[in-house]
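Architecture and fold: a report
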Amino acid sequence: MKMRQLRALCGFILLSLAVLTNARPKAGPEQKCKSGPVDLVFLIDSSRSVRPHEFETMRKFMIDILNTLDIGLNATRVGVVQYSSQVRSEFSLKAHAKLESMVKGINQIIPLAQGTMTGLAIKYVMTEAFTAEAGDRPKVPNVAVIVTDGRPQDRVAEVAAEAREKGIEIYAVGVARADMTSLRAMASPPFEDHVFLVESFDLIHQFGLQFQDKLCGMDLCLESDHGCEHICESSPGSYHCLCLPGYTLNEDGKTCAAIDLCAEGKHDCEQICISSPGSFTCDCNKGYKLNDDKKTCSMIDYCSFGNHSCDHECVSVLNGYHCRCNEGYRLLDDGKTCQAIDLCAEGKHDCEQICISAPGVFTCDCNKGFKLNKDKKTCTNMDLCNTVEHGCEHQCVSTPGSYYCICPEGQLLQEDGKSCGTCKSANIDLVLLIDGSKSVRPQNFELVKKFVNQVVDSLDVSAHGTRVGLVQYSSRVRTEFPLNMYHTADEIKAAVMKVDYMEKGTMTGLALKHMLENSFSEAEGARPSSRNIPRIGLVFTDGRSQDDITEYAKKAKEAGITMYAVGVGKAVEDELREIASEPVEKHFYYTTDFTAISTIAENLKLNVCPEESQGEIEVKDPCACESLVEFQQATMSSLEQLTQKLSGMTARLEQLENQLLSKK
């Protein structure tokens, strides 16, 4: 039915365009109604709801209209734009000067088969199609014919009004599921002349009749009771009946009969042929699906639906599936769950100390302080400082089954437990603003999360040390977690990896406002300004902000927040520099590729030593209770280290004694 309606639609547009151009149809296929110049653009819906045979009808519909027009660069110019979730110009107003090349261009159109972004398409026609660069002529009427079969997925009223204000006359033609409210919002007034919704053939027929007397003079189809079931075509002093595509004229010369290609065997469907007038579509039997060629069938892969619940492997069969386990596993009675064959638990191993099971196999390991021998089964005691790359910067001290690093007097062991230095990381309140706009894309957003975790790895995170908060923004702003939620690096990194990608726009200014007014508030964990804990904001973005950043970038820095700006890809350098604190060179980073942001994370230096930080140094009373406790804790720590050293020395002496006894 929908294809038949589209074909009827062709007649309506032919009549309407003839009225626009004061055309008069004449007898004979080579005669055309002459008219003044018109710039005409077809805007056709190629969303996934438009089936292939319906798109072919729409293609023929445009060609039929072109055949009635006086085509030429000095007469009627025609352009074609198709749209779905995106907009694509098939050819511009100046692309073709002859009907033949224009028809060839229409026949080469490939449908986009996505969504229905009608508002986006109208804006494209207004700003791109009707321009001098595309072939639009001054003082020549601009006409747009929109053909759609569904409800727009975006706003159309405002952009259509803007197009009409610029002098574009819009015809809105809806088919079947089209929304009349949306059609009226798009079309030029009066609506009775510019809005057409194909619901039945009678409607298109009645709509066309009111224009017939304006075309080419006396029309016997209009003035007489012609009796044509489908189409009446006038010629000077006469008329004859025609049928819509897919139908054939009966012997009475007036009624039409549908052409059933399936019944006539004129199809190449592998399994099922479904007939429509003059055409057909193929379908498949139960348990099969139609292939991309729309003719042959393949067995349905039920496993691909993702609801089979098989632990390991799903094997499709006709009208169903069954589960199969990987090697080293056995299938349980439920037919879906796989259980690992644990050779260690079953005692089927020959490890001396530790058996590590893997499905159907095992490996041996040793207890702490022992190493695995070459037979991969037995174990020998080991001195880790002499046998492993311990990485201690100054000195390695062995203990039974372990070791630890120590530093020379006057230096402190750093967070990595191996290197030595004169200070550790300063305490800061850090809020990261990450861009979750649509342009980032899901795979790159995962890289952004890894970038955040690299930054976290470089910090001394604790409730009384560095605090970290995370905010994601796109068209809106969302706090993923505030400064006071997590107190360890592992907790923060786990929370970061669970962050969901927002998509949509890039409202960096809104994010800066949220950071200033909310993220660095004491309610969300920022420590009071009186404590002089440095506040640091890090903005990560991949594109131009869709709102103004100037006000809140300035206010953030005036509030004492040290701002870092990290950009990637299409990020705008001027915006990044405006966000970054002085000196800009130390607070601004950029790379063209998401894969390189890990290098930026390595180069970011957010922490400084305590003596260089803005934080005040608290002078404590050595006799105060808190100071005595700290002294006691430090003393106990030193005693523990001394005990570990003595244990290491005892173990070493025992080893030497055993070696001497073995020589005797």
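Residues numbered from 1 in each chain as written. Predicted model: local features only at pLDDT ≥ 70, side-chain atom pairs only at ≥ 80, totals over all residues. Heavy atoms only, no water.

Per an unreviewed UniProt entry, the chain goes by Matrilin 4 and derives from Stegastes partitus. As its UniProt record puts it under Subcellular location (unreviewed entry), the chain is described as follows: "Secreted". (UniProt positions renumbered as here; feature names shortened; annotations may be inferred.)

**Digging into the overall build of the chain**
Within the chain, the secondary structure is distributed over 18 helices and 32 strands. Within the chain, buried positions represent 42% of all 664 residues. Long-range contacts, defined here as pairs at least 24 residues apart, represent 59% of the contacts in the chain between residues at least 6 apart. (Helix = DSSP H or I, 4+ residues; strand = E, 2+ residues; numbered from the N terminus. Buried < 20%, exposed > 50% of the residue type's maximum accessible area, 1.4 Å probe, protein only. Contact = heavy atoms within 4.5 Å.)

**Points about the sheet that holds strand β5 (residues 168-175)**
Through backbone hydrogen bonds, the strands of a sheet pair up, either in parallel or in antiparallel fashion. Pairing is mixed in the open sheet, where 6 strands are placed in the order β3-β2-β1-β4-β5-β6. Of all the strands in the sheet, the pair left with one neighbour each is β3 (87-91) and β6 (195-198). Ignoring which end each strand starts from, the neighbouring axes of this sheet average 20° apart. As paired strands, β5 and β6 are joined by 4 bridges and run parallel to one another. Paired with V173 across the strands is F196, a residue of β6. (Pairing = 2+ DSSP bridges. Axes fitted to C-alpha atoms, helices over the stretch in contact; angles between N-to-C directions.)

**What to know about the state of the cysteines**
Inspection of every chain in the model, using the stated rule, returns 13 disulfides. The disulfide bridge from C284 ends at C297, spanning 2.0 Å between sulfur atoms. In this structure the cystine formed by C284 and C297 twists about its S-S bond by roughly -90°; its chirality is therefore left-handed. Of this pair, C284 sits in the loop between β12 (279-283) and β13 (288-290) while C297 sits in strand β14 (residues 297-299), and the two are 13 residues apart along the sequence. The same class applies to C284 and to C297, which are both buried. (Disulfide = S-S within 2.5 Å.)

**Observations concerning the environment of I109**
Examined against the element boundaries, I109 turns out to sit in the loop between α3 (99-107) and α4 (118-129). For I109 and E56, which are 53 residues apart along the polypeptide, the C-alpha to C-alpha distance reads 9.9 Å. Look past the residues within four positions of I109 in its chain and what remains in contact with it is F55, R59, M62, V80, Q82 and E90.

**Re the side chain of T466**
Position of T466 among the secondary structure elements: in the loop between α11 (442-457) and β28 (467-473). Polar side-chain contacts of T466 include one of 3.3 Å to the backbone nitrogen of I428. (Polar contact = N/O pair within 3.5 Å; in protein donor to acceptor, adjacent residues only side chain to side chain.)

**Let's talk about a nonpolar patch on the surface**
Together, Y288, M299 and L318 line one region of the surface with nonpolar side chains, adding up to about 250 Å² of accessible area. Structurally, M299 can be placed in strand β14. M299 sits in the partly exposed class, given a relative accessible area of 35%. (Patch = residues over 30% accessible without salt bridge, like charges linked within 9 Å, V, L, I, M, F, W, Y side chains within 5 Å. Areas by Shrake-Rupley, 256 points an atom, 1.4 Å probe, with all protein chains shown as cover. Salt bridge = Lys/Arg side-chain N within 4 Å of Asp/Glu carboxyl O.)

**Some thoughts on unusual backbone geometry**
Backbone torsion omega between P189 and P190 reads -5°, so that peptide bond is classified as cis. Structurally, P190 can be placed in the loop between α6 (180-186) and α7 (191-194). Along the chain, E582 connects to P583 via a cis peptide bond; the corresponding omega equals -10°. Inspection of the secondary structure assignment puts P583 in the loop between α15 (573-579) and α16 (584-587). Residues other than glycine seldom take positive phi values, yet A113 does so here, at roughly 60°.

**Topic: the sheet that holds β28**
Spatial strand order, β29-β28-β27-β30-β31-β32: 6 strands in an open sheet with mixed pairing. Among the strands making up the open sheet, the edge pair consists of β29 (477-481) and β32 (588-591). Geometrically, the sheet is characterised by an average inter-axis angle of 20° between neighbouring strands, direction not taken into account. Summarising the sheet, strand β30 (residues 535-541) and strand β31 (residues 561-568) pair through 7 bridges and their orientation is parallel. From the neighbouring strand, I536 faces β31, where its bridge partner is T562.

**Description of the packing of helix α2 (residues 52-66) against α3**
As a packed pair, α2 and α3 sit with axes 10 Å apart at the nearest point and diverge in direction by 170°. With respect to α3, the element α2 is oriented roughly antiparallel. Where α2 abuts α3, its residues R59, M62, I63 and L66 lie against L99, M102, V103, I106 and N107. Classifying every residue of the contact of α2 with α3 by side-chain character gives 7 nonpolar, 1 polar and 1 charged. (Parallel < 35°, antiparallel > 145°, perpendicular 65-115°, else oblique. Nonpolar A, V, L, I, M, F, W, Y, C, P; charged D, E, K, R; others polar.)

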